[in-house]
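Breakdown of the fold
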Amino acid sequence: MKKIKPDETRNILRHWQEAVPNDRLAHLVRDAGRAYTRALQLRLAEYGVPFGHWTFLRILWECDGLTQRELSDRAGVMEPTTFAAMKTMEALGYIERRQLPENKKNMYVHLTPAGRALKKKLVPLAEDTNQVSIQGLSASDIQTTRRVLLTILSNLAQDEP
């Protein structure tokens, strides 16, 4: 599991307030994402679940039985990263990997009952992280932020070759 540095989010905030208050929006979005990740990592650590496993669990809770390649694509990580995580998650009893008799090439990933049960424990942690992040914001501000970020994503998606 990634070691979490103390005061990392406070240091990021201080950097933005003092050193580079007008730096590029891309850097601010990246740092906000890092702060979200850190906040969730701290909560997941209580259950011994690394953030990388959270990412795969979220995907599998929505679409169980994907191939390892599909899981890699959806998680946005390289296949060796997925393979290593699946090996660990299988040893922890969260998933099992199976091949279909007619297709020995692909390995399909399925949640076990223990992996499915984690959803009730872990999703509230993510919801709590989101609630903490929007304290003091109006519903209108939140809606505007969502609209702006989705427009940024759309613009960047259109820019891709």
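Now for a description of the structure that goes with this document. (Residues numbered from 1 in each chain as written. Predicted model: local features only at pLDDT ≥ 70, side-chain atom pairs only at ≥ 80, totals over all residues. Heavy atoms only, no water.)

**Looking at the packing of aromatic side chains**
Spelled out, the test is: The rule is short: rings of Phe, Tyr and Trp, with Trp giving its six-membered ring, pair when the centres are within 6.5 Å, and they are stacked under 30 degrees, edge-to-face over 60, tilted in between.
If you walk through the whole model with that rule in mind, you get one aromatic pair. With 5.7 Å between their ring centres and 75° between their planes, Trp54 and Trp61 make a pair best called edge-to-face.

**What about the nonpolar core?**
Rules: We define the nonpolar core as a collection of buried residues of types Ala, Val, Leu, Ile, Met, Phe, Trp, Tyr and Cys that are connected through side-chain atoms lying within 4.5 Å of one another. A 1.4 Å probe rolled over the protein chains alone gives each residue an accessible area, and that area as a share of the maximum for its type sets the label: buried under 20%, exposed over 50%, partly exposed in between. The helix and strand labels rest on DSSP assignments: H or I over at least four residues marks a helix, E over at least two residues marks a strand, and numbering proceeds from the N terminus. When checking whether two residues touch, look at their non-hydrogen atoms; a contact exists if any pair is within 4.5 Å.
Leu57, Leu71, Met86, Ile95 and Leu122 are the most contacted members of the largest nonpolar core, which has 23 residues in total. Elements represented by at least two residues in this core include exactly α2 (25–45), α3 (51–62), α4 (68–75), α5 (79–91), β3 (103–111) and α6 (113–133). With six residues, α3 is the single largest residue contributor to this core. Ignoring sequence-local partners within four residues, the contact set of Met86 consists of Phe56, Gln68, Leu71, Ile95, Arg97 and Val109.

**Describing the sheet that holds strand β2 (residues 95–100)**
Note the following rule: Pairs of strands are assigned from DSSP output, requiring at least two bridges between the strands.
Pairing in this open sheet of three strands is antiparallel, and the strands run β1-β3-β2 from one edge to the other. The two strands at the open ends of the sheet, each matched to only one other strand, are β1 (66–67) and β2. When β2 meets β3, the two strands line up antiparallel, connected through five bridges. Pairing of Arg98 across the sheet is with Tyr108, part of β3.

**Some thoughts on the packing of α3 against α4**
The following threshold applies: The convention used is that axes are lines fitted to C-alpha atoms, helices contributing only their stretch in contact, and that angles between N-to-C directions extend from 0 to 180 degrees. Roughly parallel here means an angle under 35 degrees, roughly antiparallel means over 145, roughly perpendicular means 65 to 115, and every remaining angle is called oblique. The handedness criterion is simple: a crossing whose near helix is rotated anticlockwise from the far helix by less than a right angle is left-handed, and one whose near helix is rotated clockwise is right-handed. Residue polarity is assigned by list, with Asp, Glu, Lys and Arg as charged and Ala, Val, Leu, Ile, Met, Phe, Trp, Tyr, Cys and Pro as nonpolar; anything else, Gly included, falls into the polar class.
At their nearest, the axes of α3 and α4 sit 10 Å apart, and the two run at 110° to each other. Taken as axis vectors, α3 and α4 run roughly perpendicular relative to one another. Note on packing geometry: the crossing formed by α3 with α4 is right-handed. Of α4, the residues touching α3 (which contributes Thr55, Phe56, Ile59 and Leu60) are Leu71, Arg74 and Ala75. The residue makeup of the contact of α3 with α4, split by class, is five nonpolar, one polar and one charged.

In short, shape yes, function no, at least from these values alone.
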